[in-house]
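Examination of the molecular architecture
Residue strings, one per chain:
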Amino acid sequence: MAKLSIKDLEEIRNKVKKTAMLREGISNAKITVHMGTCGIAAGARTIMNTVIKIVEESKRDDIIVTTSGCAGFCSKEPMATIELKGEAPVKYSDLTEDKIRRIFDEHVLKGKIVKDYALVIGSEREL
Amino acid sequence: MEYRTHLMVCTGTACVSCGAFDVKKTLEAEIKKQGLDKEVLVVGTGCQGFCAQGPIVVVQPDDIFYQLMQIEDIPFLVEEHFLKGRPVKKMMYTPPGEKTEIPTMSEIGFFNKQRLIALRNKGLIDAEKIDDYIGRDGYKAFIKALTEMTPDEIVQEIKDSGLRGRGGGGFPTGLKWEICKKQKGEKKYIICNADEGDPGAYMDRSIIESDPHAVIEGMLIGAMAIGANEGVVYLRTEYPLAITRLETAIEQAKEYGLLGEDIMEQGFEFNLRIKQGAGAFVCGEETALIASIEGKRGMPNKRPPFPAESGLWGLPTNINNVETWANIPWIISNGSERYAEIGTEKSKGTKVFSLVGKINNTGLVEVPMGITLKEIIFDIGGGVPDGKKFKAVQMGGPSGGCIPAELEDTIIDYDSVNATGAIMGSGGMVVMDETTCMVDVAKYFLNFTQEESCGKCTFCRVGTKRMLEILQRICDGNGEEGDIEKLEELAAQIKDSSLCGLGQTAPNPVLTTLKYFRHEYEAHIYDKKCPAKACKPLLTFGINDQCIGCTACARVCPPKAISGERKEKHVIDQDKCIKCGACLDTCKFKAIDVN
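Residues numbered from 1 in each chain as written. Chains lettered and ligands numbered in written order. Predicted model: local features only at pLDDT ≥ 70, side-chain atom pairs only at ≥ 80, totals over all residues. Heavy atoms only, no water.

Listed per partner, the contact involves 42 residues of chain B and 33 residues of chain A. Our count for the chain B to chain A interface comes out at four salt bridges. A salt bridge links R45(A) to E39(B); the nearest nitrogen and oxygen atoms lie 2.7 Å apart. Inspection of the chain B/chain A interface yields 11 residue pairs in polar contact (both at pLDDT 80 or more). Secondary structure elements with two or more residues in the side of chain B that touches chain A: β1 (5-10), β2 (40-45), α3 (74-83), α5 (130-135), α6 (140-148) and α11 (240-255) of chain B. A per-element tally of the side of chain B that touches chain A places α5(B) first, with four residues. Residues that form the side of chain B that touches chain A fall into these classes: 17 nonpolar, nine polar and 16 charged. (Contact = heavy atoms within 4.5 Å. Salt bridge = Lys/Arg side-chain N within 4 Å of Asp/Glu carboxyl O. Polar contact = N/O pair within 3.5 Å; in protein donor to acceptor, adjacent residues only side chain to side chain. Helix = DSSP H or I, 4+ residues; strand = E, 2+ residues; numbered from the N terminus. Nonpolar A, V, L, I, M, F, W, Y, C, P; charged D, E, K, R; others polar.)

Shown next as structure tokens:
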């Protein structure tokens, strides 16, 4: 490998910054795909793959993708929860690839909740 | 594709010794089996610090902390958490005496009271990947120093920060740099002292294992400030993992043009190499360390001249310890003012300690100066196990001393710790409970320095031997009147007549235990008793009326010293008893008395 200049070093930094932020849990948006047995059966895996792909395409480095278990509303799977920094989480149900793409474009990127697919705003209180 | 989850597997020496590499391999295999290998990344990191609970895996960005990982639990964990998104409770940490698991790392008391500067990247980067370090703003401080600061400004910044040498002496780092910088001469050297030798101390090893580039960057900045273009890391051979990681880091830095000639096209040259030390304790002393690098026998020389004037190959040399170097990039990046905000009036910043001995949370911690001993031992360390009483803490290794429980409110800074008779040292903290005999502890440390004395000075060579003989006699029950006074006299002479720090401080463990626990010495000598019931020759085993005659003790007694009929009280033949304690361990009725 050729020796680097100060500029090259800065480029490496920007490239790996996302990894560093992810490990520190720094984010402005969190997308949780519910991956219980019911969710997986209903196609949550496809949703997950799509989410990972579109997050990458967006080149945003402050979005965290994670999974959680069954959300308790198995007939409405696949489901995902979008949580923007400082706002209440929103649960979306009966997802398809197209739906999650629209949710990502409008809600995650522009901050506008997609009311057509939203199931509930806020989350159950934790005991 | 980007990874959504990172599994930070601790691969510091402590976790590796309980199977962390196998855990990592199994995790990778299971993740592949579940088809998650494009989403979930397994990363080997340096020491996370919580060594008592190893092997450790932290799941990011969720901050879930898994501990005491067993290979057979991994398939279940991967399916439950990483496929189905359900964190597994039974592998989480439960504090001693509590019933509920704590899921996230930031909620665990051991972690959230710490303040990380030297260990700022612990558990967050793969120590063998330079890009990981760069991503966490690595080498940014060096670029700042290289392009925006003059050597004088760098030295001033370090002086203003109030950073003092973390190897134990506590000499102001900025001042040390300034003295070396002012020396005339074309060629100067800088050295990183990684000859960590105190029993129970492993701060420096962990820093190198988890973040080797922090040390390299600190040395680059120091080299610029002082005007040195050659550096040596003196690292002990018995730290193989640290050596490998540092070698890798140096190679990567060379490839990137961060070491070598014309660094970053700015005309600055700096070369760094590792010198492996053979593990002699005395080589942690500056002049002995230099002699060892030069290929001579590791023996101290008289100072002055100090290494700053005439060090390696007779040229001006600046030596700092690993932790000191690791602090430098943070200070340059964040400014001396922010560093000086942390700590007490005369001791700034943070200090890394390795917390070992009779303590629940054995591990590596970094705390702000000014915190009390009590906070470290109880809030972070989780107190003493098995409901026993905290008795003392040994600080500073063989050169330090024991601080008794009644001084637990002592704050951590150089001057307060020195006032107790102990020293800050490099950061070893050995916690002792009521079953630790203080004479025995003093004997242990003196045995260490006695073996490690290089033999140059008579008082250190012979004096420590004589002191050790007296201590051995006291522990064997053959202590005589006047022994304490003899110990004190020898101690004073060894301190006065030794050339280097090893001899000058060797009597400290004896002197501090005499200061705070004189009654234990007296009990050994005059009453032939060991109050902590640790010195076996001074114990007598007996059987009390609780005995129901179950014969269990008689059956396990190796010399068959216990006799008695079934269902009747047994007796121990004192002439036959070898004081092994097997009866005590076996008896279920608290019928064995130890006096």
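Following the structure, the description resumes.
Next up on the list: helix α18 (residues 458-475) of chain B. All names here are of chain B. The end-to-end C-alpha distance of α18, which contains 18 residues, comes to 25 Å, matching closely the 26 Å that a straight helix rising 1.5 Å per residue would cover. Buried residues of α18: C460, G463, T464, M467, L468, I470, L471, I474 and C475, and no others. End-on, the buried residues of α18 take up no more than an arc of 160°, which puts them together on one face. Packed against the buried residues of α18 are α17 (438-452), α19 (483-497), α20 (501-505) and α21 (508-526). Just past α18, the residue G477 takes up positive phi, approximately 90°. (Expected span 1.5 Å × (residues − 1). Buried < 20%, exposed > 50% of the residue type's maximum accessible area, 1.4 Å probe, protein only. Arc of directions from axis to C-beta.)

Below, the discussion takes up the environment of K590(B). Residue and element names in this part refer to chain B. Structurally, K590 is set in the loop between α23 (582-586) and β18 (592-594). Accessibility expressed as a relative area gives 73% for K590, which makes it exposed. Each C-alpha atom of the pair K590 and I543 lies 9.0 Å from the other, and the pair is 47 residues apart in sequence.

This part covers the sheet that holds β2(B). All names here are of chain B. Read across the sheet, four strands follow the order β2-β1-β3-β4 without closing on themselves; strand pairing throughout is mixed. The outermost strands of the open sheet, each flanked by one partner alone, are β2 and β4 (64-66). For this sheet the average axis-to-axis angle between neighbouring strands, irrespective of direction, equals 20°. In this sheet, β2 lies alongside β1 in parallel orientation, the contact comprising six bridges. Note that in β2 the partner of C10 across the bridge is T45. Its contacts with the sheet put α3 on β1, β2, β3 (57-60) and β4, and the angle it makes with β4 is roughly 180°. (Pairing = 2+ DSSP bridges. Axes fitted to C-alpha atoms, helices over the stretch in contact; angles between N-to-C directions.)

Taken together, E261(B), D262(B), E265(B) and E269(B) make up a surface patch of like negative charges. Assignment of secondary structure puts E265(B) in the loop between β7 (260-263) and β8 (268-277). (Patch = residues over 30% accessible without salt bridge, like charges linked within 9 Å, V, L, I, M, F, W, Y side chains within 5 Å. Areas by Shrake-Rupley, 256 points an atom, 1.4 Å probe, with all protein chains shown as cover. Lys, Arg positive; Asp, Glu negative; His and termini not counted. Charge placed at Lys NZ, Arg CZ, Asp CG, Glu CD.)

A few words on the pattern of salt bridges. Residue and element names in this part refer to chain B. For the structure on display, the rule yields 42 salt bridges over all chains. Its salt-bridge partner being E79, residue K84 comes within 3.3 Å of it at the nearest N-O pair. Judged by relative accessible area, which is 12%, K84 ranks as buried. Linking K443 and D440 is a salt bridge whose minimum nitrogen-to-oxygen distance equals 3.7 Å. In this pair, K443 and D440 are both assigned in helix α17, three residues apart and thus about one turn of the helix distant. Under the relative-accessibility criterion, D440 is labelled partly exposed at 30%.

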